[in-house]
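Summary of the model geometry
Here is how the chains run, residue by residue.
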Amino acid sequence: MYILSLLIEPHCSSSLSLFLALVGLSFSGAIGLTFLLLSCALDHYGVYWPFFVLIFYVLSPIPHFIARRVSDDGDSGSNACRELAYFLTSGIVVSAFGLPIVLAHKDVIQWGACGLVLAGNTVIFLTILGFFLVFGTGDDFSWEQW
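Worth saying up front: this structure is predicted, and the values here are computed from it rather than measured.

Glancing now at the overall build of the chain. For the chain, the helix and strand inventory stands at six helices and zero strands. Helices and strands appear in the chain in the N-to-C order α-α-α-α-α-α. Out of the 146 residues in the chain, the part that is buried amounts to 34%. Taking the contacts inside the chain whose residues are at least 6 apart along the sequence as the reference set, 59% of them involve residues at least 24 apart. Split by element, the accessible area of the chain, about 9,100 Å² in all, is 71% carbon and sulfur.

The next point concerns the nonpolar core. Judged by nonpolar contacts, L36, V53, F56, Y57, I92, A96, V117, I124, F125, I128 and F132 together constitute the single largest core of 11 residues. Taken together, the elements giving at least two residues each to this core come down to α3 (53-59), α5 (80-105) and α6 (111-135). Grouped together as the second largest cluster of nonpolar side chains are seven residues, Y45, L103, A104 and A113 included.

With that out of the way, let us pick up the environment of G32. Take G32: it is sitting in helix α2 (residues 14-41). Take G32: its relative accessible area is 0%, and that puts it in the buried class. On a C-alpha basis, the gap between G32 and G120 in space is 4.2 Å, while along the polypeptide they are 88 residues apart. The contact partners of G32, leaving out residues within four places of it in the chain, are G120, V123 and I124.

Right, let's talk about the UniProt feature "transmembrane region" (unreviewed entry) in the chain for a bit. Within the UniProt annotation, "transmembrane region" (unreviewed entry) is assigned to residues 16-38, 45-64, 84-104 and 116-136. Between the first and last C-alpha atoms of residues 45-64 the distance is 35 Å; the span itself is 50% helix and 0% strand.

Another point: the packing of helix α4 (residues 62-70) against α5. Between α4 and α5, the shortest axis-to-axis distance is 8 Å and the interhelical angle comes to 175°. Judged by the angle between their axes, α4 and α5 are roughly antiparallel. Contact residues: α4 offers P63, H64, A67 and V70, while α5 offers C81, R82, A85, L88, T89 and I92. Here the contact of α4 with α5 is composed, by residue class, of seven nonpolar, two polar and one charged.

Parameters and conventions
- Residues numbered from 1 in each chain as written.
- Predicted model: local features only at pLDDT ≥ 70, side-chain atom pairs only at ≥ 80, totals over all residues.
- Heavy atoms only, no water.
- Helix = DSSP H or I, 4+ residues; strand = E, 2+ residues; numbered from the N terminus.
- Buried < 20%, exposed > 50% of the residue type's maximum accessible area, 1.4 Å probe, protein only.
- Contact = heavy atoms within 4.5 Å.
- Areas by Shrake-Rupley, 256 points an atom, 1.4 Å probe, with all protein chains shown as cover.
- Core = buried A, V, L, I, M, F, W, Y, C linked by side-chain atoms within 4.5 Å.
- UniProt positions renumbered as here; feature names shortened; annotations may be inferred.
- Axes fitted to C-alpha atoms, helices over the stretch in contact; angles between N-to-C directions.
- Parallel < 35°, antiparallel > 145°, perpendicular 65-115°, else oblique.
- Nonpolar A, V, L, I, M, F, W, Y, C, P; charged D, E, K, R; others polar.

Next comes the structure, spelled out in structure tokens:
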């Protein structure tokens, strides 16, 4: 996706490149959710406990949103509020990776389902990171306008 945006960027406006980034992020999010759905819905696995990681997907950007609203953008070194948001976000992400491992260790889900959930977690969290990298710069087009 990045290579495609580099090829289109010199020839088209930035709104087209932002549109292509949004389409790419949507596609990668759909792939991540497909992994999660497969870990639950396949007849071989048959349990829906891995869907609880959806809670972590919703919770993971919230500390960053709060830190962006509360802290001033002085960019003078570190900010305690922003560092706390990074800490809480990393705790949420680690919990999202730990939950399916604990469920598989206790034989609530099978290890194959655990692998699919971990693959889905990787894709979804990289999608969330990509969203903040593309739309979180605070320029004329950002997530704050939504």
